[in-house]
Amino acid sequence: ELLEFGIINIDKPSGPTSFDISDFVRKKLGLRKTSHFGTLDPMVTGVLPIALNRGCKLTGFFLGEDKEYVGIMRIHEDVSLKDVEKMIKEKFFGKITQMPPVKSRVKRQEREREIKSFKIIEKDGQNFLFQVECQGGTYIRKLVHDLGEALGTGAHMLELRRIRAGIFEEYDKIYPIVNLYDFESAVDEYQKGNEKLLRDIILPGEVVFKLFPVVEIKETSLKQILTGKPLMKSDLAPKSPIPKEELIAVFHKNRLIAIMKRVDDRVNFITFLKYPCSGSSQFKHMCSRSKSFS
């Protein structure tokens, strides 16, 4: 069940593309399909969540989540730390306008993105170690280039590592990032009949509950909801909360049924629009290891 509707938080190495890593996971596990939550350039390393089989239906819900990076940029002339930090504060913090680089898969037009944090950790000559927290879809290489242009010196990125992609982190205590060597070892053990290592690195797709409020539905409403019936207040299990948020994760006995969108709100009922991502998997495995689900 985890292989059918799960996610693996891979530590991407430098060299292969994000698609290469996704395809490697697919072939190694013998799956129908895989997808990744946010492209990393070939030379960039770090957090690359890979969705498995039906878990790919969750991709759209994770792509826009905030990202966090650490990297090294080289400024082409000697500039003081104070001047760099001043320029960041003036022009590269908060809402910024960014033009995607020439080599990108999106239309080249200016887009607004939010930089939530841009810190210089250390300076070594013309090299600067930095950490950035930003809105999904921000190009860090372009951010560094634009900073260099604003300083009048030029700058380029030497190294970059993603340490967080939404709810997926480099140092997650429950489901830590896994490198390709350990992933291959886990798969080899699984093929020999020992599933523990592989089970420990696959997150159930129900982890999406960390993004949205959760409602529980009654047993008597399950079949109707799965066949397209809008969710009404009368379908909710006793004591299940009535969220005010637009998107809601609908569960039944620890199984994800659908991600739904509120389209109407009246006194007697609540109506939602069902998204085509209903599925089920072994969610108890994660609940037993996480205290954040209630």
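Residues numbered from 1 in each chain as written. Predicted model: local features only at pLDDT ≥ 70, side-chain atom pairs only at ≥ 80, totals over all residues. Heavy atoms only, no water.

### Let's talk about the overall build of the chain
Next, step 1: In terms of helices and strands, the chain carries 8 helices and 14 strands.
Next, step 2: Here the chain holds 294 residues, and the buried ones make up 48% of them.
Next, step 3: Counting contacts in the chain only where the partners sit at least 6 residues apart, residues at least 24 apart contribute 67% of the total.
Next, step 4: For the chain, the accessible area works out to roughly 15400 Å², and carbon and sulfur atoms hold 51% of it. (Helix = DSSP H or I, 4+ residues; strand = E, 2+ residues; numbered from the N terminus. Buried < 20%, exposed > 50% of the residue type's maximum accessible area, 1.4 Å probe, protein only. Contact = heavy atoms within 4.5 Å. Areas by Shrake-Rupley, 256 points an atom, 1.4 Å probe, with all protein chains shown as cover.)

### Quick notes on the confidence of the model for the chain
Next, step 1: Per-residue confidence for the chain gives a mean pLDDT of 84, with 87% of residues at or over 70.
Next, step 2: Every residue in residues 275–294 scores below 50 in pLDDT, and together they form 61 contacts with partners more than four places removed in sequence or on other chains. (pLDDT = per-residue confidence, 0-100.)

### Some points on helix 4 (residues 140–151)
Next, step 1: Here helix 4 is 12 residues long and its end C-alpha atoms lie 17 Å apart, about the 16 Å a rise of 1.5 Å per residue gives.
Next, step 2: All buried positions along helix 4 are accounted for by I140, K142, L143, V144, D146, L147, G148 and L151.
Next, step 3: The elements touched by buried residues of helix 4 are strand 4 (67–75), helix 3 (81–91), strand 5 (94–98), strand 6 (111–124), strand 7 (127–134) and strand 8 (155–165).
Next, step 4: A positive backbone phi angle near 80° is found at G152, which sits one or two residues after helix 4. (Expected span 1.5 Å × (residues − 1).)

### Let's talk about the pattern of salt bridges
Next, step 1: Considering all chains together, one arrives at 20 salt bridges under this definition.
Next, step 2: A salt bridge links E1 to R255, with the shortest nitrogen-to-oxygen separation between them at 3.6 Å. Here R255 lies in strand 13 (residues 255–265) and E1 lies in the segment before strand 1 (5–12), a separation of 254 residues in the sequence.
Next, step 3: The shortest N-O distance in the salt bridge between E170 and R161 comes to 2.8 Å.
Next, step 4: What makes E170 buried here is its relative accessible area of 12%.
Next, step 5: One continuous salt-bridge network, built from bridges that share partners, spans D11, R161 and E170. (Salt bridge = Lys/Arg side-chain N within 4 Å of Asp/Glu carboxyl O.)

### Description of the environment of G125
Next, step 1: With respect to the element layout, G125 can be found in the loop between strand 6 and strand 7.
Next, step 2: Under the relative-accessibility criterion, G125 is labelled partly exposed at 41%.
Next, step 3: Taking the C-alpha atoms as reference points, G125 and I75, 50 residues apart in sequence, are found 9.2 Å from one another.

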